Amino acid sequence: MDSIDLKILALLQKDATLSIAVIGEQVGLSQTPCWKRIQRLEADGVIDRRVAVLDPVKLGLGLTVFVSIETADHSKDWLERFADRISAMPEVLEFYRMAGDVDYMLRVVVADMAAYDTFYKNLIATLPLKNVTSRFAMEKVKSTTALPLPAPPPRGRSEPRLSVVGE
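Everything quoted here is computed from the prediction, not taken from an experiment. (Residues numbered from 1 in each chain as written. Predicted model: local features only at pLDDT ≥ 70, side-chain atom pairs only at ≥ 80, totals over all residues. Heavy atoms only, no water.)

Draft legend 1. View of the overall build of the chain. Looking only at helices and strands, the chain features five helices and four strands. Element order for the chain, N to C, with α for helix and β for strand: α-α-α-β-α-β-β-α-β. Here the C-alpha atoms of the chain give a radius of gyration of 22 Å, more than 25% beyond the 15 Å that 2.2 N^0.38 yields for 167 residues. By its C-alpha atoms, the chain is 60 × 50 × 25 Å across when sized along the principal axes. Within the chain, buried positions represent 25% of all 167 residues. Considering only residue pairs separated by 6 or more positions, the chain has 64% of its internal contacts joining residues 24 or more positions apart. For the chain, the accessible surface area stands at approximately 12,000 Å², while carbon and sulfur atoms represent 55% of it. The chain carries 21 positive and 22 negative side-chain charges, and their two centres are separated by 5 Å. (Helix = DSSP H or I, 4+ residues; strand = E, 2+ residues; numbered from the N terminus. Rg over C-alpha atoms; globule rule 2.2 N^0.38 Å. Buried < 20%, exposed > 50% of the residue type's maximum accessible area, 1.4 Å probe, protein only. Contact = heavy atoms within 4.5 Å. Areas by Shrake-Rupley, 256 points an atom, 1.4 Å probe, with all protein chains shown as cover. Lys, Arg positive; Asp, Glu negative; His and termini not counted. Charge placed at Lys NZ, Arg CZ, Asp CG, Glu CD.)

The following block contains the structure:
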């Protein structure tokens, strides 16, 4: 990945609806090479997908809850069943297996406390859980989908590479 790829990614992270012509103009490429780079980035899995980011509050989903889960069962079978059930819950936007004192962390978005109570009852009915702790967000201070991209290499310098002993 070179500095042009990084510029393309930065532009797409800000606005995935930009036309190929606009992206190409901003990164110094004509449309065809620009489109080929984007296709390569998609084929390589660097660009996972392009989506619209919605405002949950305007959709009536004003409560964000971070749910910590501890379990007594750490078997592969249990994890597969648990992952399948949690992944099927539309309220769960993010689901992580953790290191440390918590086994799993969920980011859940619901309309209100009553909706969370319904979600919670469904959650604890999925499989036996040791402990479930809910933390309610009071205010969203920062939210972004843009990843911090590495700085492009300085102009006129080649990409860094590892040297092999004997070269």
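Draft legend 2. Broad picture of the sheet that holds strand S3 (residues 104-110). Judged by pairing direction, the sheet is antiparallel, and its four strands sit side by side in the order S2-S3-S1-S4 without closing on themselves. Only two strands of the sheet have a single partner each, and these edge strands are strand S2 (92-97) and strand S4 (131-136). When the angles between neighbouring strand axes are averaged without regard to direction, this sheet yields 20°. By the bridge criterion, six bridges tie strand S1 (residues 63-70) to S4 in an arrangement that is antiparallel. Residue pairing across strands places Ser68 opposite Thr133, the latter belonging to S4. (Pairing = 2+ DSSP bridges. Axes fitted to C-alpha atoms, helices over the stretch in contact; angles between N-to-C directions.)

Draft legend 3. Up close: the packing of helix H1 (residues 3-14) against helix H3 (residues 31-43). At a closest axis distance of 11 Å, the pairing of H1 and H3 adopts a crossing angle of 80°. It follows from the interaxial angle that H1 and H3 lie roughly perpendicular. On H3, the residues touching Ile4, Asp5, Ile8, Leu9 and Leu12 of H1 are Cys34, Arg37, Ile38, Arg40 and Leu41. Partitioned by chemical class, the residues of the contact of H1 with H3 number seven nonpolar, no polar and three charged. (Parallel < 35°, antiparallel > 145°, perpendicular 65-115°, else oblique. Nonpolar A, V, L, I, M, F, W, Y, C, P; charged D, E, K, R; others polar.)

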